[in-house]
Structure formats: structure tokens, C-alpha cells
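Residues per chain are reported as follows:
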Amino acid sequence: MASLPTGARRVGLVVNPTSGKNRGMSLGLEVAHRLRAAGHEVLDLSDETYAAARDRALGAIAQGLDVLAVVGGDGMVHLGVNLAAESKTPLAVIAAGTGNDVARGLGLPVHDPVRAADLVTTGVPRSIDAVRHTDVHGVHRWYAGVLGAGFDSLVNERANTWPWPKGQMRYNLAILRELPLFHAIPYAVTVDGVRHETRAMLVVVANGPSYGGGMRVAPDARFDDGLADVVVLHEISTIEFLKVFPKVFSGRHLGHPAVEVLRGREVTLEADGIVAYADGERFAPLPLTLETVPGALTVLTPPAT
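Just so you know, these numbers come straight off a predicted model, no measurement behind them.

Conventions used here
- Residues numbered from 1 in each chain as written.
- Predicted model: local features only at pLDDT ≥ 70, side-chain atom pairs only at ≥ 80, totals over all residues.
- Heavy atoms only, no water.
- Helix = DSSP H or I, 4+ residues; strand = E, 2+ residues; numbered from the N terminus.
- Rg over C-alpha atoms; globule rule 2.2 N^0.38 Å.
- Buried < 20%, exposed > 50% of the residue type's maximum accessible area, 1.4 Å probe, protein only.
- Contact = heavy atoms within 4.5 Å.
- Areas by Shrake-Rupley, 256 points an atom, 1.4 Å probe, with all protein chains shown as cover.
- Lys, Arg positive; Asp, Glu negative; His and termini not counted.
- Charge placed at Lys NZ, Arg CZ, Asp CG, Glu CD.
- Core = buried A, V, L, I, M, F, W, Y, C linked by side-chain atoms within 4.5 Å.
- Salt bridge = Lys/Arg side-chain N within 4 Å of Asp/Glu carboxyl O.
- Pairing = 2+ DSSP bridges.
- Axes fitted to C-alpha atoms, helices over the stretch in contact; angles between N-to-C directions.
- Left-handed = near helix turned anticlockwise from the far one by under 90°.
- Nonpolar A, V, L, I, M, F, W, Y, C, P; charged D, E, K, R; others polar.

Novice: Give a detailed account of the overall build of the protein chain, specifying residues and quantitative values.
Specialist: Within the protein chain one finds 9 helices and 15 strands. Taking 2.2 N^0.38 as the reference for a compact globule, 305 residues should give roughly 19 Å; the C-alpha atoms of the protein chain span a radius of gyration of 19 Å, in line with that estimate. The dimensions of the protein chain, computed from C-alpha atoms along their principal axes, are 60 × 40 × 40 Å. When each of the 305 residues of the protein chain is scored for burial, the buried share is 53%. At a minimum sequence separation of 6, the contacts of the protein chain that also span at least 24 residues come to 69%. Carbon and sulfur atoms provide 54% of the accessible area of the protein chain, an area that totals close to 13900 Å². Averaging the locations of the 28 positively and 32 negatively charged side chains of the protein chain gives two centres separated by 5 Å.

So this is what it looks like as C-alpha cells:
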């Protein structure tokens, strides 16, 4: 492998072409041009499918990358986390999606691809936690932001079966369709060995403060405290749920008596018929056990001012 000039880096670039209202491809070209102009070697690892891009990126990381850069929303961050966790490869996030919760929570530029791309050159490495699930075959899957397993994930399941409409409107319509059918779910939530049995509207396991495009479901969660915030909204009436749910955008839902926050490093969720979503991506059906791994990921962040 040829050596690079001093200060230049070998950058693997993965782009979601549909992010940013289908502007992802042009944004990716803009980012690649910016990186090459700064003297970096850019390897385009994008592909037609998520799986193919993942495989190409894994191969590039194995051969040696200085930085893995992803262009898109939280789904691309999710891919980047699963590629770079527990490796020595720093992750650069060029946030260009609709939600961008992980990027926003880390103080990264949002919808500013030039500033975000410049972090490859000027960014400061920051170690953050990531949450790991290990399946029965010993395969790890990771996330960086928030995992939802309740009403929110049922809405995602329903929305994903609809080809139309696109974007946030599809999610809003799925909420309206799911709400009249929804009943509190029996859960067992075990946090660091302490088991809690309850009926709840939703349970989230949060490494970061927000999901769903700014819903501050766990406003006190920190990316680098070694713990997950487990937010449980216990059983309430549908009318009361309609009152509480909008408060998630400001974090004021934590003041409701039906909301409980637990903290711990290892969390097991058990419930029937629930598929968890993490970083907005379909993650795994319950039951599942999640472990917060301190410092599992290195992210390039803006220098302190």
C-alpha cells in the first residue's frame, strides 16, 4: 500500500444516495471532492445495497483505513457504528438525513457537508460508548443512539409495510393507524441483574438523548458515561398517552408520574411480539440483552472553541 503525504489520510466513504431528500449522491460527490482537495485519498465504498456497502467497507477496514466517513442520516451512522465499533478506525459522520439525532447529540455539523467533511482533516477523536447485542450465534450488532421497543417500534413496523407516502408523513399516518389498536404491553426489564415486571406503553434503552428527529426521549443520556438510560412509560390511558407523547420533543415527559428512568450497563428486555428499532433501523425481536461498551467507538468531532 503506497504511503500518503504528511497529513493526508486514506478515507473510506460510504454514501446513502437517498438521504437528504434523494440528494445523497450529489452530497457524496461534493464530500469526495472536498476530501481530495484537502489531499486525502478517497475510496468510494458505496454500493447498491446496504449489505454490499457493508461488505466493501469491512474489506477496506481490514486492509487499512485512517477514517471511515458515512454520508446520510442515522441509518448510515448505524452502519458506520457496526463497521467501526471496537476497531481503531475513527468514524466521520457527514449528517445529511432527516433525523440526524446521533450527529446532533454529538455536536456535529448537520446539513453542512463541507464543515462535516472538514472534520476528517481538523476533527478531534472522541471516544464514545456504543451498545452491543450478541445473538445466539455470537454475532454482534451495535447502535449508538436510542433503541425503542414499544409503541414506537410497532409504528415503525407498520410504516415499513407501506410504499407510500414517504418520509415523516408515513410515520405520522402509521401513528394514527396504530394508536386505536394499541394496548399496554407486559414487559420484563432487567437492569444490571435487577428484574422489573410491568405493563408499559414503551421502553427505550438510550445511549444518546434523542431519536425520531429530535424527540428527547432520554434528555439526560450521555454518550460517554458507560451507562444506558432505560426510560419506561408505564401503562396509562390512550387519552393520557396523547397528552404525554408530544412532551417527548422537549424532554418534559420525564416529569410525568408514569415515566421511570433506570440506568445500568446491561439491560435485558422481554416482551411478546415486539421488534426493537435502534438508530431508526430494524434491530432485533425481543427478548434481547444489550450491553453498553465504554469507549467502543471513536468519532471525529469539532475542536473545542
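Structure shown, so let's carry the discussion forward.
Novice: Lay out the nonpolar core with the relevant residues and their values.
Specialist: Of all hydrophobic cores here, the largest spans 54 residues; its most connected members are L147, V205, V230, L233, L269 and L286. At 7 residues, the largest contribution of residues to this core is made by strand β9 (residues 194-206). Apart from the residues lying within four places of it in its own chain, the contact partners of L147 are V203, V204, V205, L269, A276, Y277, A278, F283, L288 and L290. Membership of the second largest hydrophobic core comes to 33 residues, among which are L65, V70, A84 and L297.

Novice: Tell me about the pattern of salt bridges, and please be specific about residues and values.
Specialist: According to the stated counting rule, one finds 14 salt bridges in the structure shown. Put simply, E157 and R282 hold a salt bridge, and the shortest N to O gap is 2.7 Å. Here R282 lies in strand β14 (residues 281-285) and E157 lies in helix α7 (residues 151-159), a separation of 125 residues in the sequence. Connected via shared salt-bridge partners are E86, R132 and E291.

Novice: Any details on the side chain of H253? Residues and values, ideally.
Specialist: By the secondary structure assignment, H253 is in the loop between α9 (238-244) and β11 (259-264). In this view, H253 contacts R216, V217, P219, V231, V244, K247, V248 and V259; residues no more than four positions away in its chain are not counted.

Novice: Can you lay out the pairing of strand β10 (residues 228-234) for me, pointing to particular residues and giving the numbers?
Specialist: Counting buried residues in β10 gives 7 out of 7 residues, a clear majority hidden from the surface. Every second residue of β10 is oriented toward a common face, with A228, V230, V232 and H234 on one face and D229, V231 and L233 on the other, all of them buried. The sheet contact formed by β9 and β10 spans 6 bridges and is antiparallel. Among the inter-strand pairings, V204 is bridged to a residue of β10, identified as V231. Bridge count for β10 against β11 is 6 bridges, and the pairing is antiparallel. Of the residues in β11, the one forming a bridge with V232 is E260.

Novice: So what's going on with the packing of helix α3 (residues 50-63) against helix α4 (residues 74-84)? Residues and values would help.
Specialist: Their axes nearest at 10 Å, the elements α3 and α4 cross at an angle of 40°. Classified by chirality, the crossing of α4 by α3 is right-handed. From α3, Y50, R54, A57, L58 and I61 reach across to α4, where they touch G75, H78, L79 and L83. Residue composition of the contact of α3 with α4, grouped by class: 6 nonpolar, 2 polar and 1 charged.

Novice: Lay out the environment of R265 with the relevant residues and their values.
Specialist: For R265, the location among the structural elements is in the loop between β11 and β12 (266-270). Here R265 falls in the partly exposed class, since its relative accessible area comes to 38%.

Novice: Explain the side chain of T89 residue by residue, including any values.
Specialist: The residue T89 is located in the loop between α4 and β4 (91-95) in this model. Judged by its relative accessible area of 6%, T89 is buried.

Novice: Please provide a residue-by-residue account of the environment of A130, values included.
Specialist: Position of A130 relative to the elements: it lies in strand β5 (residues 124-134). Assessed through its relative accessible area of 0%, A130 is described here as buried. Separated by 48 residues in sequence, A130 and N82 have C-alpha atoms that sit 9.4 Å apart. When residues no more than four places from it in sequence are discounted, the contact partners of A130 are V81, W142, Y143, N207, E291, T292, V293 and A296.

In short, the description is geometric, and any link to function would need to be established separately.
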